[in-house]
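Residue strings, one per chain:
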Amino acid sequence: MISFEGFRMEEGIPIYQQILLYLKRGVVAGEICNGDELPSRRALSALLGVNPNTVQKAYRQLEDEGLVHSHTGAKSCMVLDECQTARIRAELLENDAKSVVQAMKQMGLSKTEALRLIEDFWD
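A quick note: this is a predicted structure, and the numbers were derived from the prediction, not measured.

Participant: Quick question: what am I supposed to make of helix α1 (residues 15-28) here?
Facilitator: It helps to recall that an α-helix has 3.6 residues per turn; residues three or four apart then point in one direction. Taking 1.5 Å of rise per residue, the 14 residues of α1 would be expected to cover 20 Å, and the 20 Å separating its terminal C-alpha atoms lies within 8% of that figure. The secondary structure elements touched by the buried residues of α1 are α2 (41-48), α3 (52-64), β2 (77-78) and α4 (82-106). Of the residues flanking the end of α1, it is G30, one or two places downstream, whose phi is positive at about 80 degrees.

Participant: What exactly am I supposed to notice about the packing of aromatic side chains here?
Facilitator: Tallied over the full model, the rule gives three aromatic pairs. Aromatic pair F7 and Y22: ring centres 5.4 Å apart, planes at 80 degrees, arrangement edge-to-face. Of this pair, F7 sits in the segment before α1 while Y22 sits in helix α1, and the two are 15 residues apart along the sequence. The exposure class assigned to F7 is buried, which follows from its relative accessible area of 7%. One aromatic cluster in this structure is built from F4, F7 and Y22.

Participant: How do you make sense of the environment of Q18 when you look at a structure like this?
Facilitator: For Q18, the location among the structural elements is in helix α1. On a C-alpha basis, the gap between Q18 and L109 in space is 29 Å, while along the polypeptide they are 91 residues apart. Other than its neighbours up to four places away in sequence, Q18 contacts F7, R8, M9, E10 and I13. Reaching out from Q18, the side chain makes a polar contact with the backbone oxygen of I13 at a distance of 2.6 Å.

Participant: Please clarify how α4 should be interpreted in this entry.
Facilitator: The terminal C-alpha atoms of α4 lie 36 Å apart, and with 25 residues this matches the ideal 36 Å at 1.5 Å per residue to within 8%. Along α4, the residues that are buried comprise Q84, T85, I88, L92 and M104. The N-capping residue of α4, defined by a side-chain oxygen 3.0 Å from the backbone nitrogen of C83, is D81. Looking one or two residues past α4, G108 carries a phi angle of roughly 85 degrees, positive in sign.

Participant: Explain the pattern of salt bridges here, please?
Facilitator: Applying the stated rule across the entire model yields seven salt bridges. Here K24 ties to E65 by a salt bridge, and the two come within 2.9 Å at their closest N and O atoms. Here K24, found in helix α1, pairs with E65, found in the loop between α3 and β1 (68-69); they are 41 residues apart in sequence, far enough to count as distant. By relative accessible area, which is 23% here, E65 ends up partly exposed. Of the charged contacts, one joins E91 and K24 as a salt bridge, the two residues approaching to 2.9 Å between their closest N and O atoms. Taken together, the positions of E91 in helix α4 and K24 in helix α1 put the pair 67 residues apart, joining distant regions of the chain. Using a relative accessible area of 26% as the deciding quantity, one classes E91 as partly exposed. Judged by its relative accessible area of 5%, K24 is buried. Each of K24, E65, R87 and E91 takes part in salt bridges that share partners, so that together they form one network.

What counts as what
- Residues numbered from 1 in each chain as written.
- Predicted model: local features only at pLDDT ≥ 70, side-chain atom pairs only at ≥ 80, totals over all residues.
- Heavy atoms only, no water.
- Helix = DSSP H or I, 4+ residues; strand = E, 2+ residues; numbered from the N terminus.
- Expected span 1.5 Å × (residues − 1).
- Contact = heavy atoms within 4.5 Å.
- Phe/Tyr/Trp six-rings, centres within 6.5 Å; stacked < 30°, edge-to-face > 60°.
- Buried < 20%, exposed > 50% of the residue type's maximum accessible area, 1.4 Å probe, protein only.
- Polar contact = N/O pair within 3.5 Å; in protein donor to acceptor, adjacent residues only side chain to side chain.
- Salt bridge = Lys/Arg side-chain N within 4 Å of Asp/Glu carboxyl O.

Here it is as structure tokens:
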């Protein structure tokens, strides 16, 4: 069963998106694997203190992306392979990189300054 012990809600981001991001980061980190069971919608909504429809929205998106297989009355399980994991990693990296670049631009950093800063933190 996938644990949500490390899940922390953030202001300003829809909760269903936070659930998606938490699970996708778990996949990329190798903490969530093919066949791992998700908590039931009701159990997760009670654990997080959110509306069950919020959890349902996250699970439905995962199903639409082909990352979760659900049967009525049965457990929902992650369905992952190397291609999906690579796609998720690329998606997360692209979104994070865009956010960082946007923030640097808003702070007035030039491309040269931004690259220098990244190099400094890389090591």
